[in-house]
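Okay, here's what each chain looks like letter by letter:
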Amino acid sequence: MTKGLSHYIREAWKKPDKEAMHSRLIKWRAGQAIEKVEKPLRLDRARALGYKAKRGFVVVRVRLNRGGRKRERKGVKGRKTRKQTNRKTLKMNYKWVAEIRAARKYKNLEVLNSYNIGKDGKHYFYEVILVDPSKSEIKKDRTTKWIVNNKKRAERGLTSAARKSRGLRHRTPKLKVRPSQRANKRRGK
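Attention here is on the structure that accompanies the text. For clarity, every value in this text was computed on a predicted model and none was experimentally measured.

## Here's the deal with the nonpolar core
Val 60, Val 62, Val 128 and Leu 130 are the most contacted members of the largest nonpolar core, which has 20 residues in total. Secondary structure elements with two or more residues in this core: strand S2 (57-65), helix H4 (94-105) and strand S6 (123-131). For this core, the leading source of residues is H4, giving six residues. When residues no more than four places from it in sequence are discounted, the contact partners of Val 60 are Ile 34, Glu 35, Lys 36, Val 37, Tyr 106, Tyr 126, Glu 127, Val 128 and Leu 130. If you look at the next biggest cluster of nonpolar residues, it comprises 19 residues, including Met 21, Ile 117, Ile 129 and Ile 138.

Shown next as C-alpha cells:
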C-alpha cells in the first residue's frame, strides 16, 4: 500500500536528525521567546490539529524555560528559611502555558491547538496554531467557523492541552473537576 507525505514526515519526526535539530535549537535559543513562523515545522501534526494553509491561520513558535516555577521569595522573619522555598511545582502543563503566552502576545487571534517541536537542557519549544476570527475565510469555512464565537480559549482552559491538564479527558466519579474548579473548593491549578 502506498503511503502519503504525512506518513513519511511522521516517521521522520519519530527519530529526528541530530545535526539538523542541533542547529535549529541554536537558532531558536538566539531568537525571541515568541516568534511568528512562515509555515509549520511539523506539517503532518499541524494539519491533524486543524491547520490549513490559507489566510487567517498563523503559526507561532514559543520557547519556555524548563524546570520548576520560581516565585518571589518572602521575608525571613523568625521562620526557617529552608521552609521558605521559592520554587513551586507548576500544575499546568507546559503546552498550556505556551498557548496562554501566544494568546497574550497576539490578542486578536484565538488559539486552535499546539504541538511540541523540541527541547534542550534549558528550554521546551512548541508551535502554537492561531486563528484570526475576523477573517472572512475563517467565518465561511464550516470546519473553522465555530472558533469565531469562542473567545480566550487558552486563558479559560478550553484548548486540548488545557483540558488534559485539568483532567477532563476521561470521566470518573473519583475526580471532582467538572464543571469547574469552584465546585472542587478551588483545589485547582
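## Focus on the pattern of salt bridges
Overall, the coordinates contain eight salt bridges when judged by the stated rule. Among the salt bridges present, the one from Asp 120 reaches Arg 29, with a minimum N-O distance of 2.5 Å. Within this pair, whereas Asp 120 is found in the loop between strand S5 (110-119) and S6, its partner Arg 29 is found in helix H2 (residues 18-30), the two being separated by 91 residues in sequence. On the basis of relative accessible area, Asp 120 is assigned to the buried category, the value being 12%. Overall, the relative accessible area of 34% leaves Arg 29 in the partly exposed class. Among the ionic pairs, Arg 61 bridges to Glu 35, the shortest N-O distance being 3.3 Å. Of the two residues, Arg 61 is situated in strand S2 and Glu 35 in strand S1 (residues 34-37); the sequence distance between them amounts to 26 residues. Of the residues examined, Glu 35 reaches a relative accessible area of 25% and is grouped as partly exposed.

Cut-off values and rules
- All residue numbers refer to position in the chain's written sequence, counted from 1.
- Only residues with pLDDT of 70 or above have their local features reported here, since the model is predicted, and side-chain atom pairs are shown and tallied only from 80 upward, although totals for entire chains, interfaces and linings are computed over all residues.
- The basis for every side-chain value is the complete set of non-hydrogen atoms in the structure, without hydrogens or water.
- Put simply, a nonpolar core is a bunch of buried Ala, Val, Leu, Ile, Met, Phe, Trp, Tyr and Cys residues held in one set by side-chain atoms that sit within 4.5 Å of each other.
- Three exposure classes are used, based on accessible area relative to the maximum for each residue type with a 1.4 Å probe and protein chains only: buried under 20%, partly exposed in between, and exposed over 50%.
- Each helix is a run of DSSP H or I of at least 4 residues and each strand a run of E of at least 2, with the numbering of both proceeding from the N terminus.
- Contacts were defined at the residue level, with two residues in contact if any of their heavy atoms lie within 4.5 Å.
- In what follows, salt bridge is the name for a side-chain nitrogen of Lys or Arg lying within 4 Å of a carboxyl oxygen of Asp or Glu.

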